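# Tertiary structure, described
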Amino acid sequence: MGKRLSPTRVPKRRLAATRPVISRTVPLPSSPPSAVYAVPKQTAAYAFFSLSEVVLYHFLEACSLSTLIALSHTSAYFRTLVKSLFRIRLTQIMEHFITHTNLASFFTLLHETDSAIGGSTVARVLTGGNWMPSNLNLYVRNGGVPKWEEYLNTVLYFRCEKQPEVDRGCLYATSSHTAFESAITGHVIMISESVDESIITPAVSSSNTLAMSVITSSTIVAMYPTLMNKRQAFDSWDRPTVAHCITLQKRGFKHSASTTSWTRRCEWNCPVLWRRVQNLRGVGMFCWGGLNNNFPDNGREGIPFSDVSLKWRLSDVCLNEYCPWSSRRWV
Ligand SMILES: [Zn+2]
């Protein structure tokens, strides 16, 4: 039999001397580390920074939305990477509908007309995946359709003969819904015209919370960011069709019409809670920088609701027993 090994006995005094000493007189940093700081060599962080950016992009592609946002706050380097990831995902989808050479003019018009991209495109940009939106949704201000029609004709999209029916929930939020079909690919771009000057009005009247997010020329806005992060869609007043629910499930999203099965407080996601956008409370916002990354991170340019006095809610009943606004708590 071999000799039994026993752990090396270290004298107590010596062990204490090797422990890291934390001086309680040194104040903790009150602000996050600066954007550019030296990473000491021979550390895991140094090895991570020396990986090629392609590997990093694969790493980011596998991250959840909340992880990406957290990473973007750690340093200017990661913020740039996350912005690039969102830009790559958005460009992939846009090139499905608009040719690469026309992308710049598309985003220029998006900026000039204060319009926004909505629908499933935003969910695809924020959560990734291998699916492609079936059509491209645009929200435009009241009276903004002629300018877009003129542009879409130049890129060979023409008004469809059969126009879509307006959802019941959108009747009070939109003036018109116009479908344009590509003469080359047959893809469809849908324009929803707001009843007022804000593109947020038609966005929050969508049939579920996933579709309530928008992308402007510089900013991504998620009205229910925690639900988006959990890949969860909650029904609004105008329930989605069965076919729409199946599509959501195929794309990896959970779908719910009630808060009965929720096991935590609803907080900002409570369907009975009246929501507003003026102070950005509960609203997720990320400045993606625009197609050429020339918009500032902290600017107000391209934010579509700074002057919107609009409130909405998803339902008049909450059945989550953990929620203070739930009707089940009073039974
Ligand atoms: Zn609730």
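Here, the structure is the one placed above.
Residues numbered from 1 in each chain as written. Predicted model: local features only at pLDDT ≥ 70, side-chain atom pairs only at ≥ 80, totals over all residues.

### Looking at the overall build of the protein chain
If you tally the helices and strands in the protein chain, you get 11 helices and 12 strands. Relative to its 331 residues, the protein chain shows a buried fraction of 31%. In the protein chain, the share of contacts with a sequence separation of at least 24, taken over all contacts with a separation of at least 6, comes to 66%. (Helix = DSSP H or I, 4+ residues; strand = E, 2+ residues; numbered from the N terminus. Buried ≥ 20, exposed ≤ 12 C-beta atoms within 10 Å, placed from the backbone. Contact = placed C-beta atoms within 7 Å.)

### So, unusual backbone geometry
In this model, R231 sits at a positive phi of 55°, which is unusual for a non-glycine residue. Within the element layout of this structure, R231 appears in the loop between α10 (225-229) and β8 (232-234). Overall, R231 belongs to the partly exposed group, with 19 C-beta atoms counted inside 10 Å. A positive phi angle, near 50°, is found at E267, a position not held by glycine. With respect to the element layout, E267 can be found in the loop between β9 (254-256) and β10 (275-276).

### Here we look at the packing of helix α5 (residues 76-97) against helix α7 (residues 120-127)
Where α5 meets α7, the axes come as close as 8 Å, and the angle between the chain directions of the two elements is 140°. The orientation of α5 relative to α7 falls into the category oblique. Seen along the crossing, α5 lies across α7 with a hand that is right-handed. Residue-level inspection shows F86, R89, L90 and I93 of α5 in contact with α7, the latter providing T121, R124 and V125. (Axes fitted to C-alpha atoms, helices over the stretch in contact; angles between N-to-C directions. Parallel < 35°, antiparallel > 145°, perpendicular 65-115°, else oblique. Left-handed = near helix turned anticlockwise from the far one by under 90°.)

### Focus on the pairing of strand β2 (residues 136-140)
Summarising burial for β2: 5 of the 5 residues are buried, a large majority. Of the two faces of β2, the one carrying L136, L138 and V140 and the one carrying N137 and Y139 are both buried. With 3 bridges joining them, strand β1 (residues 116-118) and β2 adopt antiparallel strand pairing. Counterpart to G118 in the pairing with β2 is N137. Relative to strand β5 (residues 188-194), β2 runs parallel, the two being bridged by 5 bridges. Within the sheet, the bridge partner assigned to N137 lies in β5 and is M190. (Pairing = 2+ DSSP bridges.)

### Focus on helix α4 (residues 65-72)
Within α4 the residues assigned to the buried category are L65, L68 and S72. Each buried residue of α4 lies within a common arc of 65° when the element is viewed along its axis, so the set occupies one face. At its buried positions, α4 is contacted by α3 (53-61), α5, α7 and α10. (Arc of directions from axis to C-beta.)

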